[in-house]
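A closer look at the structure
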Amino acid sequence: LFEATSGELMSSAVCVIFDCNIYIDVAEALGFDASLANLRNFRTASRPLQAEIDAFQCVLAGKFGPYDLKLGSSLHIKDTVQHELSRLPEWSESSAKSFLDQFHDNLVDIMLTGFIGEEHVPPLDHEDGVVFGTCHEIRNTPGIVQTILVTRDKQFADSFKDVPSHTTVLHPIGFMKLCDAAQRMLRRA
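In this report, we go over the structure that sits alongside the text. (Residues numbered from 1 in each chain as written. Predicted model: local features only at pLDDT ≥ 70, side-chain atom pairs only at ≥ 80, totals over all residues. Heavy atoms only, no water.)

What about the state of the cysteines?
- Counted according to the given criterion, the structure contains 0 disulfides.
- Not engaged in a disulfide, the cysteine C15 finds its nearest cysteine sulfur in C135; these two sulfurs lie 8.1 Å apart. (Disulfide = S-S within 2.5 Å.)

Considering the pattern of salt bridges
- Counted under the stated rule, the structure contains 7 salt bridges.
- D68 is the partner of K63 in a salt bridge, and the nearest nitrogen-oxygen pair spans 3.3 Å.
- A relative accessible area of 32% places K63 in the partly exposed class.
- According to the relative accessible area criterion, D68 is partly exposed, its value standing at 23%.
- R87 is the salt-bridge partner of E84, the closest N and O atoms lying 3.3 Å from each other.
- Owing to a relative accessible area of 29%, E84 belongs among the partly exposed residues under this scheme.
- Residue class for R87 comes out exposed when judged on its relative accessible area of 58%.
- Via salt bridges that share partners, K78, K97, D101 and D105 belong to a single interconnected network. (Salt bridge = Lys/Arg side-chain N within 4 Å of Asp/Glu carboxyl O. Buried < 20%, exposed > 50% of the residue type's maximum accessible area, 1.4 Å probe, protein only.)

Description of helix α4 (residues 47-61)
- If you check α4, its first and last C-alpha atoms are 20 Å apart, about what 15 residues at 1.5 Å a residue would give, namely 21 Å.
- Of the positions making up α4, those classed as buried are L49, Q50, A51, E52, I53, A55, F56, Q57, C58 and V59.
- Where α4 is buried, its residues touch β1 (13-18), α2 (20-30), α3 (36-41), β3 (67-74), α6 (93-107) and α9 (172-188).
- Directly beyond the C-terminal end of α4, a positive phi value near 80° is found at G62. (Helix = DSSP H or I, 4+ residues; strand = E, 2+ residues; numbered from the N terminus. Expected span 1.5 Å × (residues − 1). Contact = heavy atoms within 4.5 Å.)

Observations regarding the packing of aromatic side chains
- Going through the model one piece at a time under the given rule, you end up with 10 aromatic pairs.
- Judged by centre distance (4.6 Å) and plane angle (75°), the ring pair of F32 and W91 falls under edge-to-face. Taken together, the residues span a long stretch of sequence, with F32 in the loop between α2 and α3 and W91 in the loop between α5 (75-86) and α6 at a distance of 59 residues.
- Among the residues examined, F32 registers a relative accessible area of 40% and is labelled partly exposed.
- Consider the rings of W91 and F99, whose centres lie 5.8 Å apart with planes at 85°: the pair is edge-to-face. Each member of the pair W91 and F99 is classed as buried.
- Chaining the aromatic ring pairs together yields one cluster made of F18, Y23, F32, F56, W91, F99 and F103. (Phe/Tyr/Trp six-rings, centres within 6.5 Å; stacked < 30°, edge-to-face > 60°.)

Brief notes about the packing of α5 against helix α7 (residues 126-139)
- α7 packs onto α5 with a crossing angle of 145° between their chain directions and a minimal axis gap of 9 Å. Contacts between α5 and α7 pair H76, I77 and T80 from the former with E127, V130, V131 and T134 from the latter.
- Each residue belonging to the contact of α5 with α7 can be placed in one class, and the counts come to 3 nonpolar, 3 polar and 1 charged. (Axes fitted to C-alpha atoms, helices over the stretch in contact; angles between N-to-C directions. Nonpolar A, V, L, I, M, F, W, Y, C, P; charged D, E, K, R; others polar.)

Listed below in structure tokens is the structure:
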């Protein structure tokens, strides 16, 4: 994951894709009018939620070892998050759309807007299959050397723990451990 030639250092990137559940958790924590300042300053006693917030902060830092760090997403992910948020009692369709227009659209570096095929990989359901398909499409983007999907779906993450794949699937805490290792490696270099 961290191997690179000097030519790759300038233009290569690792792309992180957050599963829908991460966006929903962060939206509920930050509220309707979430901003980058809210994200940077947010602290909670909940270790899993803090790991999700920290994962966004790590992506905002923009570096992953010797690589640039990019945030990838798709219209499918954005639409799913909007739909799920609008089903929550305290969120309306317009507040969910506003949150995503402000938060999601301002953070995402690589956005897929066309059709994304579902990857039929058990135990993925349709939703997870399309998110995983997003990862596959982004992995095929020139300059992307690795894709990492961050999800709190334990079954999803565990299913790909020891399986070779185009994408590394991690829980937010696992992703933060990987980010910390990348930073330590960079400091040693």
